[in-house]
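Survey of secondary and tertiary structure
Residue strings, one per chain:
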Amino acid sequence: MLAAGSQAPSFRLPDQNGTIHTLEEFRGKKVILYFYPKDSTSGCTKEACSFRDVYPQISEKGAVVIGISKDSVSSHKKFEAKNELPFLLLSDEQAETIQAYDAWKEKKLYGRAYMGTVRCTYLIDENGIILKTYDKVKPGDHPAEAAGDL
């Protein structure tokens with residue numbers, strides 16, 4: 001993972017509506033930037049819904065939540081609608097931002113090794129500096145922890 005105290009890498013990615021977003025547009029706000037493997041899978045749905053449930057606390061503190069995966073814009077739109085998600089889901093189909101944030105790693109499933117997105121989160125300050133990193137997170141628990149760290 002990237003180190004706390006370092007500059008968060010910039011990105012330019014489409015959200016679930018096809019609108020392009022950059023990290024720089026969120027200057028002046030804290031950002032909870034989380035990376036997840038795949039829309040509509042059990043762990044990723046649990047994590048997204050947990051962020052949804054604590055989103056009022058996050059929003060009250062003037063912060064935003066942004067989820068990033070390799071899923072398409074249309075997949076994100078369905079995922080957002082099905083789970084009533086109040087935050088941005090960014091599509092990184094080429095995994096460039098995922099790699100820039102060191103969230104692209106070798107994974108193993110049933111003894112088979114492959115490359116994929118690992119579940120991790122960064123808390124970024126108002127000036128684009130990484131305040132805290134969260135790796136090997138538990139999907140249901142860590143959104144509340146991140147909200148508490150604001």
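Residues numbered from 1 in each chain as written. Predicted model: local features only at pLDDT ≥ 70, side-chain atom pairs only at ≥ 80, totals over all residues. Heavy atoms only, no water.

Here the focus is the overall build of the chain. Counting secondary structure elements, the chain contains four helices and nine strands. N-terminal to C-terminal, the α/β element order of the chain is β-β-β-α-β-α-β-α-β-β-β-β-α. Here the chain holds 150 residues, and the buried ones make up 47% of them. For the chain, long-range pairs separated by at least 24 residues make up 64% of all intrachain contacts whose partners lie at least 6 apart in sequence. Of the roughly 7,300 Å² of accessible surface on the chain, 48% is carried by carbon and sulfur atoms. Charged side chains of the chain number 20 positive and 21 negative; the gap between the two group centres comes to 5 Å. (Helix = DSSP H or I, 4+ residues; strand = E, 2+ residues; numbered from the N terminus. Buried < 20%, exposed > 50% of the residue type's maximum accessible area, 1.4 Å probe, protein only. Contact = heavy atoms within 4.5 Å. Areas by Shrake-Rupley, 256 points an atom, 1.4 Å probe, with all protein chains shown as cover. Lys, Arg positive; Asp, Glu negative; His and termini not counted. Charge placed at Lys NZ, Arg CZ, Asp CG, Glu CD.)

Bringing the side chain of Asn 83 into the picture now. When you line up the elements, Asn 83 lands in helix H2 (residues 73-83). At a separation of 3.0 Å, a polar atom in the side chain of Asn 83 contacts the main-chain carbonyl oxygen of Phe 79. Setting aside residues up to four positions removed in sequence, Asn 83 forms contacts with Thr 45, Cys 49 and Arg 52. (Polar contact = N/O pair within 3.5 Å; in protein donor to acceptor, adjacent residues only side chain to side chain.)

Its 19 residues give helix H1 (residues 42-60) an end-to-end C-alpha distance of 28 Å, which sits within 8% of 27 Å, the value for a rise of 1.5 Å per residue. Every buried residue of H1 is accounted for by Gly 43, Cys 44, Glu 47, Ala 48, Cys 49, Ser 50, Phe 51, Val 54, Tyr 55 and Ile 58. On its buried side, H1 packs onto strand S3 (31-35), strand S4 (64-69), H2, strand S8 (120-124) and helix H4 (142-148). Where H1 ends, the next residue or the one after it, Gly 62, has phi of about 75 degrees, a positive value. (Expected span 1.5 Å × (residues − 1).)

With that out of the way, let us pick up the pairing of strand S5 (residues 88-91). Going residue by residue along S5, you find Leu 88 and Leu 90 tucked away on one face and Leu 89 and Ser 91 tucked away on the opposite face as well. As defined by bridge partners, S4 adjoins S5 across four bridges and the pair is classed as parallel. By the bridge assignment, Gly 67 is partnered in S5 with Leu 89. On the question of chirality, the crossover connecting S4 to the parallel S5 by way of H2 is right-handed. (Pairing = 2+ DSSP bridges. Right-handed = clockwise from strand over helix to strand, strands pointing away.)

Honestly, it's all geometry; don't read function into it.
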